[in-house]
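# Remarks on the overall topology
Letter by letter, the chains look like this.
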Amino acid sequence: NDKLKLDNSMKKILIIIVLFFPLVVQAAGIQVTPERLEFEIAASKSQTKEITVANPTADVQLFEVYPDDFESIINVNPKSFTLEAGGQKEVSVTIKPDSLSAGVLSTNLSIVGKPLAESRVQVNTGVKIPVTVKNAKPEYKNFLPIIVAVAIAVGIIAGNFLLQRLRSKNSG
């Protein structure tokens, strides 16, 4: 019975060691900033923002960056690159709203890293950054003073025209 307690205790200790101190498999690391991208697009103008991808590991890694959805609207450059240990790379994310209707789109930008070194166990790691695209409708309230001024001008011109016609009828 004491042996059974010892075996259970050893199993628990072994599980704790394996969970907290992985000895065989080391996952490739990825650091990405910022942690999310938010775009506000107006009137079919494209917009570009940058993310920084860093390799905090001691291994050379191959990285791939791609949107999970809306590939025709979200352009990533470069899509694939290699980083030395401790290296970092700026990646441009451009929104091209050609076919984008008004509203909000949400997707993720996936960044996947894979060590280039050969090993028995190949582990890829990745992160997903939330991407939100808000396509604003044109702001007509900015044109309100112009619309009011044009309406007043048209009213004045029309009033003068009618007044002149009435005067010409009365004098003739």
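Everything numeric here is computed off the predicted structure, so don't read it as measured data.

### Remarks on the sheet that holds strand 2 (residues 37-42)
On the basis of which strands lie adjacent, the open sheet formed by 5 strands has the order 2-9-8-4-6 and mixed pairing. For this open sheet the edge positions go to strand 2 and strand 6 (80-83), each flanked by a neighbour on one side alone. This sheet shows a mean twist of 25° between the axes of neighbouring strands, independent of strand direction. Pairing analysis gives 11 bridges linking strand 8 (residues 103-115) to strand 9 (residues 125-136), with the strands arranged antiparallel. Paired with Val112 across the strands is Gly126, a residue of strand 9.

### Some details on the pattern of salt bridges
Once their charged atoms are close, side chains differing in charge can pair, the charge on each being opposite to the other. A full pass over the atoms with the stated rule returns 1 salt bridge. A salt bridge links Lys128 to Asp68; the shortest N-O distance between them is 2.8 Å. Residue Lys128 is found in strand 9, and its partner Asp68 is found in the loop between strand 4 (61-67) and strand 5 (74-77); the two are separated by 60 residues along the sequence.

### Quick look at a nonpolar patch on the surface
A cluster of nonpolar side chains, namely Ile146, Val150 and Val154, defines an oily patch on the protein surface of about 270 Å² accessible area. If you trace the backbone, Val154 turns up in helix 2 (residues 144-171).

### What about the sheet that holds strand 5?
Pairing in this open sheet of 4 strands is antiparallel, and the strands run 1-3-7-5 from one edge to the other. Across the chains shown, the open sheet's two edge strands, defined by having one partner strand only, are strand 1 (31-33) and strand 5. Strand after strand, the sheet turns through a mean of 25° between neighbouring axes, direction not considered. With 8 bridges joining them, strand 3 (residues 47-54) and strand 7 (residues 88-95) adopt antiparallel strand pairing. Considered in strand 7, the bridge of Ala54 is made with Gln88.

### A closer look at the nonpolar core
Phe39, Ile51, Val53, Leu109 and Ile111 are the most contacted members of the largest nonpolar core, which has 22 residues in total. Of all elements in the fold, only strand 2, strand 3, strand 4, strand 5, strand 6, strand 7, strand 8 and strand 9 reach the threshold of two or more residues within this core. The residues touching Val53, leaving out its near neighbours within four places in the chain, are Ile30, Gln31, Val32, Phe63, Phe81, Leu83, Gly87, Gln88, Lys89, Val91 and Ile111.

### So, the environment of Asp68
Of the residues examined, Asp68 reaches a relative accessible area of 24% and is grouped as partly exposed. With 40 residues separating them along the chain, Asp68 and Asn108 place their C-alpha atoms 5.5 Å apart. Filtering out sequence-adjacent residues up to four positions away, Asp68 remains in contact with Thr107, Asn108, Ser110 and Lys128. A distance of 2.6 Å separates the side chain of Asp68 from the side chain of Ser110, its partner in a polar contact.

### Notes on unusual backbone geometry
Put simply, Thr33 and Pro34 share a cis peptide bond, and its omega is -5°. Within the fold, Pro34 resides in the loop between strand 1 and strand 2. Despite not being glycine, Phe70 has its phi angle at roughly 60°, a positive value.

### Some words on the packing of aromatic side chains
Under the defined criterion, the tally for this structure stands at 1 aromatic pair. Ring centres of Phe63 and Phe81 lie 5.7 Å apart, and the angle between their planes is 20°; this geometry places the pair in the stacked category. Residue Phe63 is located in strand 4, and its partner Phe81 is located in strand 6; the two are separated by 18 residues in the primary sequence. Of the two residues, Phe63 and Phe81, both sit in the buried class.

### Describing the confidence of the model for the chain
Here the chain shows a mean pLDDT of 78. Residues at 70 or above account for 72%. In this model residues 20-28 is a low-confidence stretch, pLDDT under 50, and it forms 12 contacts with partners more than four residues away in sequence or in other chains.

About the cut-offs
- Residues numbered from 1 in each chain as written.
- Predicted model: local features only at pLDDT ≥ 70, side-chain atom pairs only at ≥ 80, totals over all residues.
- Heavy atoms only, no water.
- Pairing = 2+ DSSP bridges.
- Helix = DSSP H or I, 4+ residues; strand = E, 2+ residues; numbered from the N terminus.
- Axes fitted to C-alpha atoms, helices over the stretch in contact; angles between N-to-C directions.
- Salt bridge = Lys/Arg side-chain N within 4 Å of Asp/Glu carboxyl O.
- Patch = residues over 30% accessible without salt bridge, like charges linked within 9 Å, V, L, I, M, F, W, Y side chains within 5 Å.
- Areas by Shrake-Rupley, 256 points an atom, 1.4 Å probe, with all protein chains shown as cover.
- Core = buried A, V, L, I, M, F, W, Y, C linked by side-chain atoms within 4.5 Å.
- Buried < 20%, exposed > 50% of the residue type's maximum accessible area, 1.4 Å probe, protein only.
- Contact = heavy atoms within 4.5 Å.
- Polar contact = N/O pair within 3.5 Å; in protein donor to acceptor, adjacent residues only side chain to side chain.
- Phe/Tyr/Trp six-rings, centres within 6.5 Å; stacked < 30°, edge-to-face > 60°.
- pLDDT = per-residue confidence, 0-100.

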